[in-house]
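# Coordinates in review
Read off the chains here:
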Amino acid sequence: IEKSVTISIMPPTRITTASYDIKDTLLNLKTKEYLETLIDNKNSNLPYFYAFIKEIDKRNVYIKVKIRSKENHKIFCVSFHFARYSINKLPYAN
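So, here's what we can say about the structure.

Parameters and conventions
Residues numbered from 1 in each chain as written. Predicted model: local features only at pLDDT ≥ 70, side-chain atom pairs only at ≥ 80, totals over all residues. Heavy atoms only, no water. Pairing = 2+ DSSP bridges. Helix = DSSP H or I, 4+ residues; strand = E, 2+ residues; numbered from the N terminus. Axes fitted to C-alpha atoms, helices over the stretch in contact; angles between N-to-C directions. Core = buried A, V, L, I, M, F, W, Y, C linked by side-chain atoms within 4.5 Å. Buried < 20%, exposed > 50% of the residue type's maximum accessible area, 1.4 Å probe, protein only. Contact = heavy atoms within 4.5 Å.

### Side note on the sheet that holds strand β6 (residues 74-82)
In space, the 4 strands of this open sheet follow the order β3-β4-β5-β6, with antiparallel pairing throughout. Strand pairing shows two members of the sheet lacking a second neighbour, β3 (34-38) and β6, which therefore form its edges. Across the sheet, the mean angle from the axis of one strand to that of its neighbour is 25°, orientation sign disregarded.

In structure tokens:
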């Protein structure tokens with residue numbers, strides 16, 4: 001996700017988990033935190049989902065997003081929760 005992406009959270013409030021802001025976390029995802037690309041099970045013609053693992057408060061957080069509009073810089077955050085399973089290796093991790 002590029003840093004120039006703007007995220008609109010509806011309703012427009014500051015959503016936080018622990019001491020981390022979700023919007024800031026999404027805007028600062030790094031390539032090394034990328035996990036996988038997933039096809040939408042409901043309709044394979046829809047845009048892909050992109051999954052990331054980010055360490056927050058010494059725990060892995062699973063984040064899954066879909067790019068809704070590149071032109072309008074909109075993404076849809078589907079998941080943002082502590083990972084349920086251990087992740088051994090991310091494909092672009094150092």
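### Looking at the nonpolar core
Ile-22, Leu-26, Leu-29, Tyr-34, Phe-52, Ile-56, Val-61, Ile-63, Val-65 and Ile-75 form the largest nonpolar core, which has 10 residues in total. Every element with two or more residues in this core is listed here: α1 (22-27), β4 (49-56) and β5 (59-69). In terms of residue count, the dominant contributor to this core is β5 (3 residues). Beyond its immediate chain neighbours, meaning those up to four positions away, Ile-63 contacts Thr-25, Leu-26, Leu-29, Tyr-50, Ala-51, Phe-52, Lys-54, Ser-79 and Phe-80.

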